[in-house]
Amino acid sequence: MDTSAMKKNSGSSSTTRENISLMIATVILGVIVGFSAICLSLLLEFVEKIFLNYLETAQSPVPTAGPLHRLLSVTVGGLLVAIVWYFLRNKTQPTVGIKKALDGQKMPVLQTIVHVCTQIVYVGTGGSIGRELAPREAGAMLAQTWIRFQSHLGLADLTDDDRRLLIAAAAGAGFAGIYIAPITGMLFCVEILLKKLSLRNVLVSLTMSMIAMLMGSLIKGFHPYYLVGDAHFSMISLILVIIIAPFTGFAGALFRVICQWAEKNQVKKSPILWQLPLVAFLTGVVAYFFPEIMGNGRALAQTAMWTKSSQLLWLLIAVGILKAVVTVLTIRFGAAGGTLTPAIAIGAAMGAIIGIGLSQIWPNLVIWQCAVLGAVTLLSASQQAPFMAMFMILEICHLNYSVFWPMAIGVAIAMVISRQTLKKYNTKVQFKTVPVPK
């Protein structure tokens, strides 16, 4: 009997079983992660209704509650989540982030669920932080749980690379289920988490994101997340983006540096019990005058994309700056959450501001296109993920492909500027931890 042939057949059989196990996990996790995205969406709507008597939509992105109502909502929300995060981080097993999960650390199930829901609650009360981290962390935790459970079903064990792939793909699928953006979910997995483009990575992550997207669409439909005009991007937009991208590229790099500093020096011990509520109160004071600052940034971004004249110039300048400052302070003083949608909001505001300025000498300028180009270029710079940024804006705005060339050129310019800026800051600037009074 040919021993080498037997070994070859055995190896081939083992590989086939592993591939089948991976395919089953991909489909099942797509459904489960998509269902978790539905639950998080419903939780956000419930919290918004209870705290702000308001339901966020693309047509009505700005909270409609009165000024005092807005102030009380986010202040009470900050107090509640500060208590929850204090106990999570100091009295129980600490939660584990996605990157550590990819390295093999276990994400505790109950703590992760509470942590994820707390992020959604704070956004729903008006806290200035992105909500996209919550579904990604939920997806990664569910993938880890499935990997541990599948051995009881008699399925083949997965390789370490396939385990990492499933966790990363599930994180991207969580995003896809929330924003109905499967290509963005796939690119988040491949470009940001795994940093490796291969056919296997793309097939698994895109399949899982597609399934999660279909699940999420059961309650959200296939409507755009941001409403924009229907005009095609002309050749003039190539000139616009060359003007906009250097500014947003630099601003995106700066936003990335400051957010990383805030995360590294985040308050986790007992001072969170008064510092995070204090930041929430500050958010409420700003929201008293500017409700566009509340939430994950959708209100500010949509306002910028609806701008048609110079009447909103000072509003965009004020809220754009305040959104960046308050978001960084929110992270620094204890809140967990994403920076993707705040970056879109800040970039859209910058693009609209530049567009308003140019419209004084360029009367037929389409300002919403400037806002879109500002959003995609600042997002790519802040995330250092050009492809994910482009397809995210394409998918959530339902843009036609006339935007592709100005978007690609703008992202290329923003990436060059941002990387030079990041190189400078990484070598010449050292942030020091601010002593926390006891």
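Residues numbered from 1 in each chain as written. Predicted model: local features only at pLDDT ≥ 70, side-chain atom pairs only at ≥ 80, totals over all residues. Heavy atoms only, no water.

## What to know about the overall build of the chain
For the record, the criterion: In this text, helices come from DSSP runs of H or I with a minimum length of four residues, and strands from runs of E with a minimum of two, each type numbered from the N-terminal end. Only the C-alpha atoms count toward the radius of gyration. The rule for a globule is 2.2 Å times the residue count to the power 0.38. The classification of residues rests on relative accessible area computed with a 1.4 Å probe and restricted to protein chains. Under 20% of the type maximum is buried, over 50% is exposed, and intermediate values are partly exposed.
The helix and strand tally for the chain stands at 16 helices and zero strands. The C-alpha atoms of the chain give a radius of gyration of 22 Å, which matches the 22 Å a tight globule of 438 residues would have. Across its three principal axes, the chain shows a C-alpha extent of roughly 85 × 55 × 50 Å. Sorting the 438 residues of the chain into buried and exposed places 56% on the buried side.

## Some points on the packing of helix α6 (residues 160-179) against helix α7 (residues 182-194)
Helices that pack against each other are described as a pair by the angle of their axes relative to one another and the distance between those axes. Note the threshold: Helix axes use the C-alpha atoms of the stretch in contact, all axes being lines fitted to C-alpha atoms, and the angles between their N-to-C directions lie in the range 0 to 180 degrees. Oblique is the label for every angle not falling under 35 degrees (roughly parallel), over 145 degrees (roughly antiparallel), or within 65 to 115 degrees (roughly perpendicular). By convention the crossing between two helices is left-handed if the near helix lies anticlockwise of the far one by an angle smaller than a right angle, and right-handed if it lies clockwise. In this description, contact between two residues means that some pair of their heavy atoms is separated by no more than 4.5 Å. Under the scheme applied here, ten amino acids are nonpolar (Ala, Val, Leu, Ile, Met, Phe, Trp, Tyr, Cys and Pro), four are charged (Asp, Glu, Lys and Arg), and all others, including Gly, are polar.
Taken N-terminus to C-terminus, the directions of α6 and α7 make an angle of 140°; their axes are 8 Å apart at the nearest point. Classified by the angle between their axes, α6 and α7 sit oblique to one another. Read as a crossing pair, α6 and α7 show a hand that is right-handed. On α7, the residues that touch Arg164, Leu165, Ala168, Ala169, Ala171, Gly172, Phe175 and Ala176 of α6 are Pro182, Thr184, Gly185, Phe188, Cys189, Leu193 and Leu194. Looking at the contact of α6 with α7, its residues break down into eleven nonpolar, three polar and one charged.

## Description of the environment of Ala82
When you line up the elements, Ala82 lands in helix α2 (residues 67-90). Distance in space between the C-alpha atoms of Ala82 and Leu43 is 19 Å, their sequence separation being 39 residues. For Ala82, the residues in contact, after removing those within four places along its chain, are Ile272, Leu273, Leu276 and Pro277.

## Considerations on a nonpolar patch on the surface
Note the cut-off: Like charges are joined within 9 Å and nonpolar side chains (Val, Leu, Ile, Met, Phe, Trp, Tyr) within 5 Å, but only among residues with over 30% relative accessible area and no salt bridge; these make up the patches. In this description, accessible areas are obtained by the Shrake-Rupley approach with a 1.4 Å probe, and a residue is regarded as covered only by the protein chains that are shown. When a carboxyl oxygen of Asp or Glu lies within 4 Å of a side-chain nitrogen of Lys or Arg, that pair is called a salt bridge.
Together, Leu68, Leu72, Trp274, Leu278, Phe281, Val285, Tyr288 and Phe289 make up an exposed nonpolar region whose accessible area comes to about 810 Å². Where the nonpolar patch is concerned, the elements lending two or more residues are α2 and α10 (272-289). Within the secondary structure, Leu278 is located in helix α10.

## Quick word on the packing of α7 against helix α8 (residues 199-220)
Between α7 and α8, the shortest axis-to-axis distance is 8 Å and the interhelical angle comes to 140°. On the basis of the axis angle, α7 is oblique to α8. Taken as a pair, α7 and α8 cross one another with a handedness that is right-handed. Contact residues: α7 offers Pro182, Ile183, Gly185, Met186, Cys189, Val190 and Leu194, while α8 offers Asn201, Val202, Ser205, Leu206, Ser209, Met210 and Met213. Here the contact of α7 with α8 is built from residues that sort into ten nonpolar, four polar and no charged.

## Focus on helix α15 (residues 386-397)
Which entries qualify depends on this criterion: To estimate how far a helix should reach, multiply one less than its number of residues by 1.5 Å.
Here α15 spans 17 Å end to end across twelve residues, near enough to the 16 Å set by a 1.5 Å rise per residue. Of all twelve residues making up α15, ten are buried, and the element is well covered by its neighbours. Buried within α15 we find Pro386, Met388, Ala389, Met390, Met392, Ile393, Leu394, Glu395, Ile396 and Cys397. Positive phi shows up at His398, right after α15, with a value of about 55°.

## Topic: the confidence of the model for the chain
For clarity, the threshold we go by: The quantity called pLDDT is the predictor's confidence in a given residue, expressed from 0 to 100.
Per-residue confidence for the chain averages 90 on the pLDDT scale, and 94% of its residues sit at or above 70. Under a pLDDT of 50 for its full length, residues 429-438 has, in the predicted model, 14 contacts with residues more than four places off or in other chains.

## Some remarks on the packing of aromatic side chains
The following threshold applies: Classification of ring pairs rests on two measures: the distance between centres of Phe, Tyr or Trp rings, Trp counted by its six-membered ring, which must be within 6.5 Å, and the angle between planes, read as stacked under 30 degrees, edge-to-face over 60 and tilted in between. Criterion for a charge above a ring: Lys NZ or Arg CZ within 6 Å of the ring centre, and within 35 degrees of the ring normal.
According to the stated counting rule, one finds eight aromatic pairs in the structure shown. Between Tyr288 and Phe289 the ring centres are 5.1 Å apart and the planes differ by 65°, which places this aromatic pair in the edge-to-face class. Centroid distance Phe404 to Trp405: 6.3 Å. Interplanar angle 75°. Geometry classified as edge-to-face. Across from the ring centre of Tyr225, 3.8 Å away, lies the NZ or CZ of Arg298, which sits over that ring.

## Concerning the nonpolar core
Stated precisely, the cut-off is as follows: Joining through side-chain atoms within 4.5 Å is the link that ties buried Ala, Val, Leu, Ile, Met, Phe, Trp, Tyr and Cys residues into a set, and such a set is a nonpolar core.
One finds Leu166, Ile344, Ile393, Ile396, Leu399 and Met407 to be the most contacted residues of the largest nonpolar core, which totals 126 residues. Not counting residues up to four positions away in its chain, the partners in contact with Ile396 are Tyr179, Ala181, Pro224, Tyr225, Tyr226 and Ile344.

## Here's the deal with the pattern of salt bridges
According to the stated counting rule, one finds three salt bridges in the structure shown. Notably, a salt bridge pairs Asp160 with Arg163, separated by 2.5 Å at the nearest N-O pair. In this pair, Asp160 and Arg163 both sit in helix α6, three residues apart, roughly one turn of the helix. Residue Asp162 is joined to Arg200 by a salt bridge in which the shortest nitrogen-to-oxygen separation is 3.0 Å. Linking Asp162 in helix α6 with Arg200 in helix α8, this pair joins segments that are 38 residues apart in sequence. Of the residues examined, Asp162 reaches a relative accessible area of 5% and is grouped as buried. For Arg200, a relative accessible area of 36% corresponds to the partly exposed category.

## Describing unusual backbone geometry
Residues other than glycine predominantly adopt negative phi, and peptide bonds predominantly adopt the trans conformation. A positive phi angle, near 55°, is found at Ile180, a position not held by glycine. Counting through the fold element by element, Ile180 comes out in the loop between α6 and α7.

## Some details on the side chain of Thr283
With respect to the element layout, Thr283 can be found in helix α10. Overall, the relative accessible area of 0% leaves Thr283 in the buried class. For Thr283, the residues in contact, after removing those within four places along its chain, are Val74, Gly126, Ser128, Ile293, Val326 and Thr330.

## Thoughts on the environment of Ile353
Among the secondary structure elements, Ile353 is positioned in helix α13 (residues 340-359). Sequence separation of Ile353 and Met107 is 246 residues, and the distance between their C-alpha atoms is 42 Å. Ile353 has contacts with Leu313, Leu316 and Ile317, leaving out every residue within four places of it along the chain.

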